Number of protein chains: 12
Amino acid sequence: MKKILVLHGPNLNLLGLREPEFYGHLTLEEINAQLSNLAKDLGAELMIFQSNSEGDLVTLIQEHFDSADAILINPAAYTHTSIAIRDAIAASSRPVVEVHLSNIHKREEFRHHSMTAAVCVGQISGFGLHSYLLGLRAAVEAAED
Amino acid sequence: MKKILVLHGPNLNLLGLREPEFYGHLTLEEINAQLSNLAKDLGAELMIFQSNSEGDLVTLIQEHFDSADAILINPAAYTHTSIAIRDAIAASSRPVVEVHLSNIHKREEFRHHSMTAAVCVGQISGFGLHSYLLGLRAAVEAAED
Amino acid sequence: MKKILVLHGPNLNLLGLREPEFYGHLTLEEINAQLSNLAKDLGAELMIFQSNSEGDLVTLIQEHFDSADAILINPAAYTHTSIAIRDAIAASSRPVVEVHLSNIHKREEFRHHSMTAAVCVGQISGFGLHSYLLGLRAAVEAAED
Amino acid sequence: MKKILVLHGPNLNLLGLREPEFYGHLTLEEINAQLSNLAKDLGAELMIFQSNSEGDLVTLIQEHFDSADAILINPAAYTHTSIAIRDAIAASSRPVVEVHLSNIHKREEFRHHSMTAAVCVGQISGFGLHSYLLGLRAAVEAAED
Amino acid sequence: MKKILVLHGPNLNLLGLREPEFYGHLTLEEINAQLSNLAKDLGAELMIFQSNSEGDLVTLIQEHFDSADAILINPAAYTHTSIAIRDAIAASSRPVVEVHLSNIHKREEFRHHSMTAAVCVGQISGFGLHSYLLGLRAAVEAAED
Amino acid sequence: MKKILVLHGPNLNLLGLREPEFYGHLTLEEINAQLSNLAKDLGAELMIFQSNSEGDLVTLIQEHFDSADAILINPAAYTHTSIAIRDAIAASSRPVVEVHLSNIHKREEFRHHSMTAAVCVGQISGFGLHSYLLGLRAAVEAAED
Amino acid sequence: MKKILVLHGPNLNLLGLREPEFYGHLTLEEINAQLSNLAKDLGAELMIFQSNSEGDLVTLIQEHFDSADAILINPAAYTHTSIAIRDAIAASSRPVVEVHLSNIHKREEFRHHSMTAAVCVGQISGFGLHSYLLGLRAAVEAAED
Amino acid sequence: MKKILVLHGPNLNLLGLREPEFYGHLTLEEINAQLSNLAKDLGAELMIFQSNSEGDLVTLIQEHFDSADAILINPAAYTHTSIAIRDAIAASSRPVVEVHLSNIHKREEFRHHSMTAAVCVGQISGFGLHSYLLGLRAAVEAAED
Amino acid sequence: MKKILVLHGPNLNLLGLREPEFYGHLTLEEINAQLSNLAKDLGAELMIFQSNSEGDLVTLIQEHFDSADAILINPAAYTHTSIAIRDAIAASSRPVVEVHLSNIHKREEFRHHSMTAAVCVGQISGFGLHSYLLGLRAAVEAAED
Amino acid sequence: MKKILVLHGPNLNLLGLREPEFYGHLTLEEINAQLSNLAKDLGAELMIFQSNSEGDLVTLIQEHFDSADAILINPAAYTHTSIAIRDAIAASSRPVVEVHLSNIHKREEFRHHSMTAAVCVGQISGFGLHSYLLGLRAAVEAAED
Amino acid sequence: MKKILVLHGPNLNLLGLREPEFYGHLTLEEINAQLSNLAKDLGAELMIFQSNSEGDLVTLIQEHFDSADAILINPAAYTHTSIAIRDAIAASSRPVVEVHLSNIHKREEFRHHSMTAAVCVGQISGFGLHSYLLGLRAAVEAAED
Amino acid sequence: MKKILVLHGPNLNLLGLREPEFYGHLTLEEINAQLSNLAKDLGAELMIFQSNSEGDLVTLIQEHFDSADAILINPAAYTHTSIAIRDAIAASSRPVVEVHLSNIHKREEFRHHSMTAAVCVGQISGFGLHSYLLGLRAAVEAAED
């Protein structure tokens, strides 16, 4: 049974409560519930965290270097600036899948570049909840390779 | 039962036969077989085409405006330059999912920008065969919305 | 009686069916009918083609080097990137009039530059069907000079 | 019978008398005569004004909001600087057609940008007298839409 | 009893009739009525003019050098380019208050800079009708200083 | 007997009444009287106009293409922005002398560049009334060449 | 006996008929005749195609992966923009020789960069007809290696 | 009777003898004669000096602080570099008029900037001999103010 | 019988012995033998030299100004820096063909620029031994023109 | 008893008489008197000169190479441009102290750089009269070293 | 017998006395003696001047326009800044040879540019006394051409 | 009797035979004859070499460290790139004189900088044959110091 670390970045705890035009109407809780259901189907176990702190996300990645078989991360606002999270991902020997609820290329210019994508296996963006579900499938597949 | 148009762009007919370091060892035929199996599971029907011609891809998109519920496309080399395919996608009222076998941001500079992604629902890149399979799931979901 | 080659570029066969906010409600067939009516009035004869293929457009220009007295062209998406169409126009000794249904300066940045305009007599943009009709008049006038 | 407001901007009263290398040999009177002849053919009625004054051009546009079915304007020198004319055009619910005798992109750098084109229906440039005649047709057509 | 010159620049006569998304639904007449009511409350007398002509606005400022105790002006489109209005304001020994209905910094780039603000007492922008009402209060206060 | 067109731009009617630190204490009337006296001495005839309107200045230049042997102009605020006045001067075949009461290089940055000087014979600035008187002499001399 | 695929890109069918200052006076037919004569001498068999279509050129390269021992290509206008032809060349395990009649570095800036040269065996430019003849020899030699 | 110090800078003693394409055909002697005639008419007395020395020009300015009512100076080559002459002019309470025979903005880049103009009353350039004669009038007038 | 000077630049004497991945396995001797055989076939006579010295290459070019009908040169490392060889080629009135064994555009950045190509007839690169053989043909053809 | 050469540059003879806002109200004579009093206290003897001529200042420095033990100089306007004074100072084997009454960095941009300071012992600026007095102390100290 | 004007710029009177590391040990007197001896040998007559004053150097050049057949000048410090000396040289129709005792390219950055060299025949620098002697020979040769 | 090494760099053996617009009509032989005649007069003995080889020029400088009393060199094309010749000159304890026939600052940009001048005694440029003759005198003088 593969263990997948699921990391939600800053402000994602507001999902479903704020700006549904960008992120849809599901709450983070509901997303996590759907991820958990899918994980059960895929025979995977999830460890889910949300943090608004760049440093905490770095630490969470580090603390699961051994215990997680793959990482599913939505770095949110830190996607575009965090060299610390990039370094943590690069230091991990686990496959990391980056997901975004909205299509980052359709938003403000400053959201177009990802600092973290280059050290991930791949990136999925624009499918709302399904970015997460597809990303979980990708992460489980990667963990099994 | 949702009908999904699957379009493979230029040179993808060579998959599995050429340059496996970029595209993996599966042939396009095998990819199509796996897509068909997954489609059966998802209760979808596939219409699959490959073309090396920008104009033909434009025409194929146009010819399925009514018959397809969603489009799954890997525009390959035309991803980076084709305004004509972009215009055809934009003219379609169907959801379009863009997929890439390899992570386009890890390759030559001229492959980093996508001319077509901005008019698609979303983009999935870097997961090899799974980019297609995840993309098919995303397309079926989008078709059902 | 002047002979005018009328060339419609990629996706223009969709006219009237898709994105009327950009291109109006007339179909290409109706535009052609109106062009033919006008041609009759102007004592001109039309040779009309639409193609989604850059290469076909190049070939059509070439094949009418002798038979056409002027060319009316809407290169559509190829306006902005095609060196091949530019070369074909430059190789022609006939006057070429470039038309656009929508105002290209009101749209995306990448549609502002025309690769072909520099080798044409002039440019008409933004009048929908009438860009064509006016362009036909301009082409007939140019053919008569 | 459609009523078309024809506005000639500053210094255009000099046409045919001064600097023919830029504007051709026809006088404004001759252009107006040809416009009137064409209007008769088109079943349109012209209201023709030339003004060297930015404010008068603004007022002329406003005063014909109801009486004119469309506007044909060559803003000449004000093309490049007049926000007031731009605002008047934008406030008008009538279609406005911008014309230029010469190709403005072939002259001094400060004449390359049009402040007004973005709020017009379309622009015709480079055809000399025919820019006006084609523009009148475009205006009449637009008035009839 | 203080006398206040109220000047409305080009196209403001169209207020309430055109483009309410920028300027609200009140007509200039209604704005003037509200200004007059407020003036009565403030013990001030208004002299109200609107002109589309840069030169006329210059002249109106000049003609009220003695009769007005303060000036309330919305230079509209001329705000951004008119050195002549700037010079007329600078030549006045009366306090001048510049107002704008909409927030000029939220609109097109070319509306961000004000040529006239530097020689006014102050600027109020973005409050619709209230820009005028607040401006009138500011003008009356300044007139009393 | 040479005929000289004398043109005073916007706000120059305020001369002697406002901002004497920039323009001196003489009124425009007095300047004109002095110009007339000098003209009599020089055997020249003056045609004098002041306007706050850019368009009127353009028209005045045009109306005197034949009747004036030379033009003496102080474009004031329009010096720095008017393409229309520049075009009118360029269209004239008469010598044009540009004068400024104050030294434009001692004032705000935006007054340092002249849009019109490049099409004039020469420029005199900084001598108050005498810029005009000297300019008249220069204009008469130029008219006689 | 080696089989060589000879591909002429867009507009090369015009050789000898148009713009001899760039391409010389020989027709494509004459070039092909000379290539055929040379092929006979070299004991090679030619398969010659000209196409104005990018997609057809891609397909022609693919269709001759097995039947052609080497490819001689003048991509003409597509040299500078076609990623699809580049990908087809890269996917081929056959040696590809790129030729240009004129020296591409002596023409417009946008013709200086070759998108395809980096994946070819080599490039020959500047020798007119002889660029082709030498290129054929290079291709035959490469086929024999 | 006003006393005017006339200062000719370096190399102006060569006028009429050398490089007439820049300075005209009149000699400095002839210019001085014309200046003297004009001075007589104006009821002024001239003190004329030419010097090639920056220091002498500074001293000449200082020595005439009391005896000269105004200064007419053509600083020639020192226009562009002399802070010492600038300081002497600034220290003078007499009006100083800067003149140039040719238009300094039409010559080498290093002659475009004037170090001295900012501390003069005004500048006259481009009228040849008349720059001096007009400058003398300006100086006499300034002396009388 | 045409005489061709063949010049091999620095380190080319190592051919076949070192870095075969760049230059192939043939020795310079073998290349020369093949060149000689081809020359015989072409009815040409070769004068072959190799030198590691920039100066010797210059001298060899000079010494054959009269005796050689054309020059075939691989300047090797000197391609990118030698002004002396460039000067010698420019001083020659004979056609010069530049060849490279490897494709210089696939190698280090500093090998992309050629100091000598601009004064040669044309350039052939990337075909190993055949760059020479093809170059010899090009040189013989050029000698015969 | 040390002998100090005191040099005042161009226009300093005007001190106290002109522009007190820059240089204070003391005359050069008064400054010299105060310098002489201080010199007496310090046991030094002064040789004081003022000149407006760059060349004379050079000569004065040269003439006191032997008789002066140190030099106190205010090069005034020549500070910023004179390589000749710099060379004279450098040629001296005596310590040279540069002083300025005003702070040169607070004045016009062109007064910020000193050409002479680099070859002086040190620079004192901004203390009015005290710049001189402190400079004299510094010069005497330096002379004694 | 050719007459040569020899001009020594500022500080050159110090030669042999100061900074021998730059200028050698000979005094200017000795240099002049040697120049005179050489002149005698060359059948030339010298007119020798030294001045620390820019203006004097200008005057000396002017005064010998007719009497000197060539000029030998070491402008020293004025080399780098004097537009006045440049203008005097340019106005001369005689050949002018610029010499420098030291190699100006080995010294401070601000000595690398010569304002005067562009209007001289040639330049000799770095040979101490011999720069002069060689320069005299060059001047005599130039005078004889 | 001083021994002078005379070194002519690459391509100088072509003097008088090729490109006289750059180098004049004298042959190197004639220059050498003139140098020899002058050497006889100067009581010097010349050792003259021309080489196209950078290495030979280095070696020639080295081999004459003891036997030559001075060196006269025209490094020609190597002037701009040769660090080896610069190092050889720097290693020599003999004076080295650099000469150029033409003014190197008037030719292509890449010929403006001298790599060798900074380690020579001095440089003479622009006097044609006389650059050499003057350089020989400089070298003999330097040898005698």
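The rules behind these values
- Residues numbered from 1 in each chain as written.
- Chains lettered and ligands numbered in written order.
- Predicted model: local features only at pLDDT ≥ 70, side-chain atom pairs only at ≥ 80, totals over all residues.
- Heavy atoms only, no water.
- Pairing = 2+ DSSP bridges.
- Helix = DSSP H or I, 4+ residues; strand = E, 2+ residues; numbered from the N terminus.
- Axes fitted to C-alpha atoms, helices over the stretch in contact; angles between N-to-C directions.
- Contact = heavy atoms within 4.5 Å.
- Least-squares fit on C-alpha atoms with pLDDT ≥ 70 in both.
- Buried area = accessible area lost by both parts, 1.4 Å probe.
- Salt bridge = Lys/Arg side-chain N within 4 Å of Asp/Glu carboxyl O.
- Nonpolar A, V, L, I, M, F, W, Y, C, P; charged D, E, K, R; others polar.
- Parallel < 35°, antiparallel > 145°, perpendicular 65-115°, else oblique.
- Buried < 20%, exposed > 50% of the residue type's maximum accessible area, 1.4 Å probe, protein only.
- Expected span 1.5 Å × (residues − 1).
- Arc of directions from axis to C-beta.

K.L.:
Looking at this model, I keep getting lost on the sheet that holds strand β5 (residues 122-125) of chain C. Mind explaining?
P.N.:
Within a sheet, adjacent strands bond to each other through the backbone by hydrogen bonds, running parallel or antiparallel. With respect to topology, 10 strands assemble into an open sheet ordered β2(C)-β1(C)-β3(C)-β4(C)-β5(C)-β5(D)-β4(D)-β3(D)-β1(D)-β2(D), the strand pairing being mixed. Because the sheet does not close on itself, it has two edges, and the strands there are β2 (44-50) of chain C together with β2 (44-50) of chain D. Between one strand and the next, the sheet's axes are offset by a mean angle of 20 degrees, whatever the strand orientation. Bridge count for strand β4 (residues 96-100) of chain C against β5 of chain C is four bridges, and the pairing is parallel. In the strand pairing of β5 of chain C, Val-97 of chain C is matched with Gly-122 of chain C. Sitting on the sheet, helix α3 (residues 54-63) of chain D is in contact with β1 (2-8), β2 and β3 (70-74) of chain D, with an inclination near 175 degrees to β1 of chain D.

K.L.:
So what exactly am I meant to see when it comes to the relation of the copies chain F and chain E here?
P.N.:
Two copies of a chain can be linked by a rotation about an axis combined with a shift along that same axis. Rotating chain F by 118 degrees about the axis while translating it 0.9 Å along that axis superimposes it on chain E, leaving an RMSD of 0.3 Å. With respect to symmetry, the two chain copies, as superposed, fit the operation of a three-fold axis. When the interface residues of chain F are mapped onto chain E, a mere 12% of them are again interface residues, pointing to distinct binding faces.

K.L.:
Sorry if this is basic, but what is going on with the relation of the copies chain A and chain B here?
P.N.:
Rotating chain A by 178 degrees about the axis while translating it 0.0 Å along that axis superimposes it on chain B, leaving an RMSD of 0.2 Å. Within this description, the copies of the chain are treated as partners about a two-fold rotation axis. Among all residues of chain A, the minimum C-alpha distance to the rotation axis is found for Ile-124 of chain A, at 2.3 Å. Comparing contact sets, 100% of the residues at the interface of chain A also lie at the interface in chain B, consistent with an isologous, same-surface contact.

K.L.:
Would you explain the interface of chain F and chain E in this entry?
P.N.:
Where interface size is quoted, it is often the accessible area lost as the parts come together. Taken together, the contacts link 16 residues of chain F with 18 residues of chain E. Where chain F abuts chain E, roughly 1300 Å² becomes buried across the two surfaces, and 50% of that area is made up of carbon and sulfur atoms. Inspection of the chain F/chain E interface yields zero salt bridges. Of the residues that constitute the side of chain F that touches chain E, the class distribution is five nonpolar, six polar and five charged.

K.L.:
In this structure, what is going on with the packing of helix α3 (residues 54-63) of chain F against helix α4 (residues 83-91) of chain F? I would like to understand it.
P.N.:
For any two helices packed against each other, one specifies the inter-axial angle together with the distance between the axes. All names here are of chain F. For the pair α3 and α4, interaxial distance at closest approach is 9 Å and the crossing angle is 0 degrees. Classified by the angle between their axes, α3 and α4 sit roughly parallel to one another. Contacts between α3 and α4 involve Glu-54, Leu-57, Val-58 and Ile-61 from the first element and Ile-83, Ala-84, Ile-85, Ala-88 and Ile-89 from the second. Each residue belonging to the contact of α3 with α4 can be placed in one class, and the counts come to eight nonpolar, no polar and one charged.

K.L.:
Help me out: how do you make sense of the pairing of strand β1 (residues 2-8) of chain F in this one?
P.N.:
On a regular strand, one side chain projects to one face of the sheet and the next to the other, so that they alternate. Residue and element names in this part refer to chain F. For β1, a buried count of five out of seven residues is recorded, marking the element as mostly surrounded by other parts of the structure. Pairing between β1 and strand β2 (residues 44-50): seven bridges, direction parallel. Considered in β2, the bridge of Leu-5 is made with Met-47. Pairing between β1 and strand β3 (residues 70-74): five bridges, direction parallel. The partner of Ile-4 across the bridge, within β3, is Ala-70.

K.L.:
Would you explain the pattern of salt bridges in this entry?
P.N.:
Opposite charge on two side chains allows them to pair when their charged atoms are near. With the rule as written, the count across this model stands at seven salt bridges over all chains. Arg-111 of chain E serves as the salt-bridge partner of Asp-87 of chain D, at 2.8 Å between the closest nitrogen and oxygen. Here the residue Asp-87 of chain D occupies a position in helix α4 (residues 83-91), and Arg-111 of chain E occupies one in the loop between β4 (96-100) and β5 (122-125), the pair thus bridging two chains. Judged by its relative accessible area of 9%, Asp-87 of chain D falls in the buried class. Across the pair Glu-108 of chain J and Arg-86 of chain H runs a salt bridge, and its minimum N-O distance is 3.5 Å. Separated into two different chains, Glu-108 of chain J in the loop between β4 (96-100) and β5 (122-125) and Arg-86 of chain H in helix α4 (residues 83-91) make up a pair that spans both.

K.L.:
Help me understand the interface of chain A and chain B, please; the structure alone is not making it clear to me.
P.N.:
Chain A puts 18 residues into the contact, and the matching count from chain B is 18 residues. Of the roughly 1600 Å² buried at the junction of chain A and chain B (both faces included), carbon and sulfur atoms supply 58%. Contact with chain B buries area across many residues of chain A, yet Gln-123, Phe-127 and Leu-134 of chain A alone supply 29% of it, more than any other trio. At the junction of chain A and chain B, the tally comes to zero salt bridges. Elements that contribute at least two residues to the side of chain A that touches chain B include exactly β5 (122-125) and α5 (129-144) of chain A.

K.L.:
Hey, could you run me through helix α2 (residues 28-42) of chain B in this one?
P.N.:
Residues and elements named next belong to chain B. If you check α2, its first and last C-alpha atoms are 20 Å apart, about what 15 residues at 1.5 Å a residue would give, namely 21 Å. Along α2, the positions that sit buried rather than exposed are Leu-28, Ile-31, Asn-32, Leu-35, Leu-38 and Ala-39. Along the axis of α2, the buried residues cluster in a sector spanning 125 degrees; they form a single face. Those residues of α2 that are exposed and angled more than 90 degrees off the buried face are Glu-29, Lys-40 and Asp-41. Buried residues along α2 sit against β1 (2-8), β2 (44-50), β3 (70-74) and α5 (129-144). Residue Gly-43 follows α2 closely and has a positive phi angle near 70 degrees.

K.L.:
Hey, could you run me through the environment of Ala-88 of chain D in this one?
P.N.:
Residues and elements named next belong to chain D. As for its placement among the helices and strands, Ala-88 is situated in helix α4. Relative accessible area serves as the criterion here: at 0%, Ala-88 is assigned to the buried category. Separated by 28 residues in sequence, Ala-88 and Thr-116 have C-alpha atoms that sit 9.8 Å apart.

K.L.:
Would you mind going over the sheet that holds strand β1 (residues 2-8) of chain K with me for this structure?
P.N.:
The sheet built from 10 strands is open, its strands ordered β2(K)-β1(K)-β3(K)-β4(K)-β5(K)-β5(L)-β4(L)-β3(L)-β1(L)-β2(L) with mixed pairing. Of all strands in the sheet, those bounded by a partner on one side alone are β2 (44-50) of chain K together with β2 (44-50) of chain L. Across the sheet, the axes of successive neighbouring strands diverge by a mean angle of 20 degrees, strand direction being ignored. By the bridge criterion, three bridges tie strand β3 (residues 70-74) of chain L to strand β4 (residues 96-100) of chain L in an arrangement that is parallel. Across the sheet, Leu-72 of chain L pairs through a bridge with Val-97 of chain L, a residue of β4 of chain L. With respect to the sheet, helix α2 (residues 28-42) of chain L is in contact with β1 (2-8), β2 and β3 of chain L, its orientation differing from that of β2 of chain L by roughly 160 degrees. Sitting on the sheet, helix α3 (residues 54-63) of chain L is in contact with β1, β2 and β3 of chain L, with an inclination near 175 degrees to β1 of chain L.

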